[in-house]
Amino acid sequence: MSTTVDTSFAPVTFSEGAAKELYKLKDQQEIGDDYGLRVGVEGGGCAGMNYVLGFDQKKEGDQEFFIEGIKVFMNKAHQMYLMGMMIDWQDGLNSRGFTFINPNATSTCGCGTSFSA
């Protein structure tokens, strides 16, 4: 079954801005405590893989982490693509939204939500 892992071993990190925005979204959308933030990958996008980021319930094969006090679910198989990644929040004139700083990506697309490893 799934395991809970200490934050010091979490495969991803959040910037301070990202953590604030995630707390704000969770409160605004009245997301219950049985939900966590799903971080993962899926096939597709112009570079081959898309990032997955959204609140969801725990599924079979998920590992559970607590990062900056936020419950995070990640399928164990996705960790090899996301290990060491930082999720940031941009709120500027040129861009607004979550950005992914992934040391495992060999290339990314212009929109920043697709990558190849």
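Residues numbered from 1 in each chain as written. Predicted model: local features only at pLDDT ≥ 70, side-chain atom pairs only at ≥ 80, totals over all residues. Heavy atoms only, no water.

Remarks on helix α1 (residues 16-28)
Now for step 1: For α1, spanning 13 residues, the distance from its first C-alpha to its last is 18 Å, which sits close to the expected 18 Å at 1.5 Å a residue.
Now for step 2: Listed in full, the buried residues belonging to α1 are A18, A19, E21 and L22. What you see down the axis of α1 is that its buried residues fit within an arc of 165°, all on one side. Exposed positions of α1 whose direction lies more than 90 degrees from the buried face are E16, K20, D27 and Q28.
Now for step 3: Contacts made by the buried residues of α1 are with β2 (12-14), β3 (35-43), β4 (49-57), β6 (70-75), β7 (85-91) and β8 (96-101). (Helix = DSSP H or I, 4+ residues; strand = E, 2+ residues; numbered from the N terminus. Expected span 1.5 Å × (residues − 1). Buried < 20%, exposed > 50% of the residue type's maximum accessible area, 1.4 Å probe, protein only. Arc of directions from axis to C-beta. Contact = heavy atoms within 4.5 Å.)

Here we look at the side chain of D88
Now for step 1: Inspection of the secondary structure puts D88 in strand β7.
Now for step 2: K20 provides the closest opposite charge to the buried, salt-bridge-free D88, at an N-O distance of 11 Å.
Now for step 3: Within the local environment of D88, its side chain forms a polar contact with the side chain of S15, the two groups lying 2.6 Å apart.
Now for step 4: For D88, the side chain forms a polar contact with the side chain of Q90, separated by 2.8 Å.
Now for step 5: Among residues more than four places away in sequence, those in contact with D88 are S15, A18, G97, F98, T99 and I101. (Lys, Arg positive; Asp, Glu negative; His and termini not counted. Salt bridge = Lys/Arg side-chain N within 4 Å of Asp/Glu carboxyl O. Polar contact = N/O pair within 3.5 Å; in protein donor to acceptor, adjacent residues only side chain to side chain.)

As far as function goes, none of this settles anything; it's purely spatial.
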